[in-house]
Amino acid sequence: MIRCSVLIAFFLPCLNMAQDINQLRGEKFSHELQRMDIYGIGAPDLQAYYDKLTYYNTTDKGADIVKKMADNLQQMFETMTNQLKKVKGAIEQHFNDFSTTPQNSFPQCCKINGTYNPKFRTEVLETNACISRSFTSNRFPNKKIEDVMKENYQNNPTLLWQYFGGSDGTFLIFPSHRFSDNCVSYDPRSKQYYVATAANKPKDVVVAVDVSGVMGMRSNHESMTLFTVARMAVDDVINTLNPNDRIGLVVFNNTASKPPKCHRSQLAKATTTNKEMLRQFASSWTFGGKSNYSAGIKEAFSYFDINETKSQGGSRESIILFLAASNSDADPLDVIKTENEARNNSVIILTYSFGKDINSYWKEVLTNMSKQVKNDNSYGQIKEGTYTHVEEDSLVHSKMASFYEDLSIANLGDEPVFSVPYVDKRSNNTGLITSLCLPVDISGELVGVTCTDILLDELLSDITNFKQGELSYAFMIDGQGRVMVHYLQPTPNAITINPDPIDIYKLETSQEAKSMIESMKRGETGNKTFEYFRTISRGVLEYEGIEVRVVEAEYSWRKVPGTNFSLCVVLGKNDQQRRLQENQELLMINGNEVFYYHKLDLNTKSTEKCREYDRYSTKEHSMVMLTSHAFETPYEYLYQKETQTEVTMYTEYLNTVVGYQTNRSLKLKANVKSSIQATFEAEQIWKRNQEQSKFVVWRYLGTRDGHVRVYPAVEIGKNYDHFTRPWWRRTLAQKGKFVVISPYKDNWGAGLIVTQCKAVYEGSCMVIDRSGFLVIYPSFSDATDERDIKMKHLGTKV
């Protein structure tokens, strides 16, 4: 493993005249890059210095690494679970004191005017909770619940939203946030997190909908047709389901029909893609003809495979939701008897009707359908359902979406339920989050669900930040083998739409991996060595693609206690990370401050500041930014507010004023101090080499240890991660070569700049990188206000 730091310089293009560019040749350009490498970046001098230092190879074993990761995750989950139980306990203790009429204890969420909070990526008020009501709300929480949520928030900086959804449709959330302008539009009972917690048994749901001619009549809800109301109800049912569930759709009038292709013959997992396809099918419906209950119920039963239903052994719940708006041409009870007895009477039928066209006889038939009155218990215990006639058409969607309340599968346990990762619609650009939820019950009756959210990127930061070497990585799956995080997936913070779950077999394709994966799904601990295909980016993945190597690696896996998650650490053979030996003489730079924090206003030592383009900076020092990768607990660093006290602790430790870390909650990794001491040499080189200073804008040095050194000293945003930057990824992929990034506009006001790391290819009048993107081209020097030069490919110019 090559220990790697990336030296870069951001410089202003120095070939300004078109005639100069036309005279440019590869040899001359290479010579200029070498001069910049020596005098602008100082790479040869710094390399000579690093060559003199003493290193040692890490001896961490995969089993030790995965155990540490699992223990850290367990601690995080336990902290969150305990805080969630405090909220649950407060609700159960004070539930009888909840008001039955709206009070002024909490503002309505629809009227909140908050301020932007970078943690939530949206506008919030951290001073209080807010409340949202549904049409059926009749229990309103008191301030005792808010007090517990506030305390949790203060004690755990990783928490996002905390909320309680009541079984009456009331919703309380902290911190307060306007997530809708409609004060009665949000009903928690139809949301995935609520249903998955209130009835956490996997469900197979078939929705059968009457589309006879009666559906064209006007409802008593906002002049909508019954047809529109029915489609809204179907959409809400679809929304309640998560990828643990499966779904099918049937529409019927004289005959019955199902969606096209594979959705016609089998139940579909309730993934984002499948749910959208079913919505498209619903949008294509038309109404007409007469209603035939027998055709509809028979087609609904056809989704439940007889052999599969018999073999499930109660592990899944099979349900038909049957919605009618008119009388039928045929009695369906004999069909129900034949179909369900063939499936050991395992299917539950919940029937619903609405509108004014159904008479009392057919209401009785719908009741008998739900009770399955003709079925024989000798084929299996009949699971009786319920029949509901909805008088208020506005409530059809909420009645059907809360179908689980009519089943005897309520979850009244004390074990937290983890949601499938999803994109939070309340916030912007937070990436994937997961909800940790608990059911709340009073005397054995479910009264709601309380949850807390956390960013998946923070929760899994130990895994995403694992940097043993370029051939090593870590991943995590759940008990069904669905991937939570893996290097072949986008990082959780980069995802903007709800993803479909990916089975680990799609990413770990080696034949040898099968037994390991099954062991992980069973929650076992193990270790195995075998060869696998390692996919490695050639730089910026979107433009330069990948290469694949056959690598021998050691796989070590372990369950995260208290969860259904399993972790695996993969260590490539000989992929050991070399680390600097501590306290060696070359690192002892007496009398110098090797660490100067990048936030100038938080440094204890005053310095002369000047305006450098659009930022304040100083040339007295280089500055060091500690990214989250430098800390043992990256997630705590990201959202803990930095003060001068913390910066003083960093400074005293890294400048060897004290020999130990005094901040135990934000502890730097053991190798960071030596790494920062070593990179101080770069500052000395940069200060000595001023020949190119009129062209060089910024000099950067990024390390695998997780810190960045910049000269002149300037502040960088806390979320900055050089591991994700093109200059870092491209340079690692092109070790030993000059890398030049295409011109782009500097965010700090320097105008158009070029980033040099290493690697160049020549042409007679242009310079392109390996992917064919132009670095220098004659038209780039045209004196226009808007130069369209970013990411221009050779194919667009020639």
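These numbers come from a predicted model, not from an experiment. In this convention, every chain numbers its residues from 1, walking through the sequence in written order. Local features in this predicted model are restricted to residues whose pLDDT is 70 or higher, and side-chain atom pairs enter the listing and the counts only when it is 80 or higher, whereas totals over whole chains, interfaces and linings include all residues. With hydrogens and water stripped out, all remaining heavy atoms of the structure feed into the side-chain values.

With respect to a nonpolar patch on the surface
- Here a patch means residues that are over 30% exposed by relative accessible area and free of salt bridges, tied together within 9 Å if like-charged and within 5 Å if nonpolar (Val, Leu, Ile, Met, Phe, Trp, Tyr). The method behind every accessible area is Shrake-Rupley, applied with a 1.4 Å probe, and residues are considered shielded solely by the protein chains displayed. What counts as a salt bridge is simple: a side-chain nitrogen of Lys or Arg found within 4 Å of a carboxyl oxygen of Asp or Glu. On the surface, a cluster of nonpolar side chains totalling about 310 Å² of accessible area is made up of Phe533, Val548 and Val550.
- Runs of H or I in DSSP of at least four residues are treated as helices and runs of E of at least two as strands, each being numbered from the N terminus. With respect to the helices and strands, the residue Phe533 is situated in strand 21 (residues 526-537).

Topic: the state of the cysteines
- Note that a disulfide, as used here, is simply two cysteine sulfur atoms within 2.5 Å. Applying the stated criterion to the full structure yields three disulfides.
- In this model Cys109 forms its disulfide with Cys130; the gap between the sulfur atoms is 2.1 Å. Taking the sign of the S-S torsion, about 95° here, the bridge from Cys109 to Cys130 comes out right-handed. Here Cys109, found in the loop between helix 4 (62-94) and strand 3 (115-117), pairs with Cys130, found in strand 5 (residues 130-132); they are 21 residues apart in sequence, far enough to count as distant.

What about the environment of Asp147?
- Residue position: Asp147 is located in helix 5 (residues 143-155).
- Three labels apply to residues, based on accessible area from a 1.4 Å probe with only protein chains included: buried if under 20% of the type maximum, exposed if over 50%, partly exposed otherwise in between. Note on Asp147: relative accessible area 44%, which makes it partly exposed.
- A C-alpha to C-alpha distance of 8.9 Å links Asp147 and Asn128, two positions 19 residues apart in sequence.

A closer look at the packing of aromatic side chains
- Within 6.5 Å between ring centres, the rings of Phe, Tyr and Trp (the latter by its six-membered ring) count as paired, and their orientation is classed by plane angle as stacked under 30 degrees, edge-to-face over 60, tilted in between. With the rule as written, the count across this model stands at 30 aromatic pairs.
- Aromatic side chains Phe252 and Phe322 sit 5.0 Å apart centroid to centroid with 20° between the ring planes, which places their arrangement in the stacked category. Of this pair, Phe252 sits in strand 9 (residues 246-252) while Phe322 sits in strand 12 (residues 317-324), placing them 70 residues apart in sequence. You'll find Phe252 and Phe322 in the same group, each marked buried.
- Note on Tyr361 and Trp362: the rings are 5.1 Å apart at their centroids and 90° apart in plane angle, and the pair reads as edge-to-face.
- Counting every residue linked through ring pairs, the aromatic cluster contains Tyr473, Phe475, Tyr487, Phe530, Tyr532 and Tyr555.
- Distance and angle both matter: a charge sits over a ring if NZ of Lys or CZ of Arg is within 6 Å of the ring centre and within 35 degrees of the ring normal. Sitting above the plane of the Tyr303 ring, Lys258 keeps its charged end 4.3 Å from the centroid.
- Taking NZ or CZ as reference, Lys673 lies 4.6 Å from the ring centre of Tyr653, over its face.

Considerations on the pattern of salt bridges
- Counted according to the given criterion, the structure contains 26 salt bridges.
- Measuring nitrogen to oxygen at the nearest pair gives 4.0 Å for the salt bridge that ties Lys85 to Asp414. You can see Lys85 sitting in helix 4 and its partner Asp414 sitting in the loop between helix 14 (396-401) and strand 15 (417-418), a full 329 residues away along the chain.
- The partly exposed category is assigned to Asp414, whose relative accessible area is 38%.
- Put simply, Lys371 and Glu384 hold a salt bridge, and the shortest N to O gap is 3.8 Å. Of the two residues, Lys371 sits in helix 13 (residues 360-371) while Glu384 sits in the loop between helix 13 and strand 14 (387-390), which places them 13 residues apart along the sequence.
- Lys371 gets classed as partly exposed once you look at its relative accessible area, which sits at 35%.
- Among the charged side chains, a salt-bridge network with shared partners connects Asp204, Arg246, Glu308 and Arg316.

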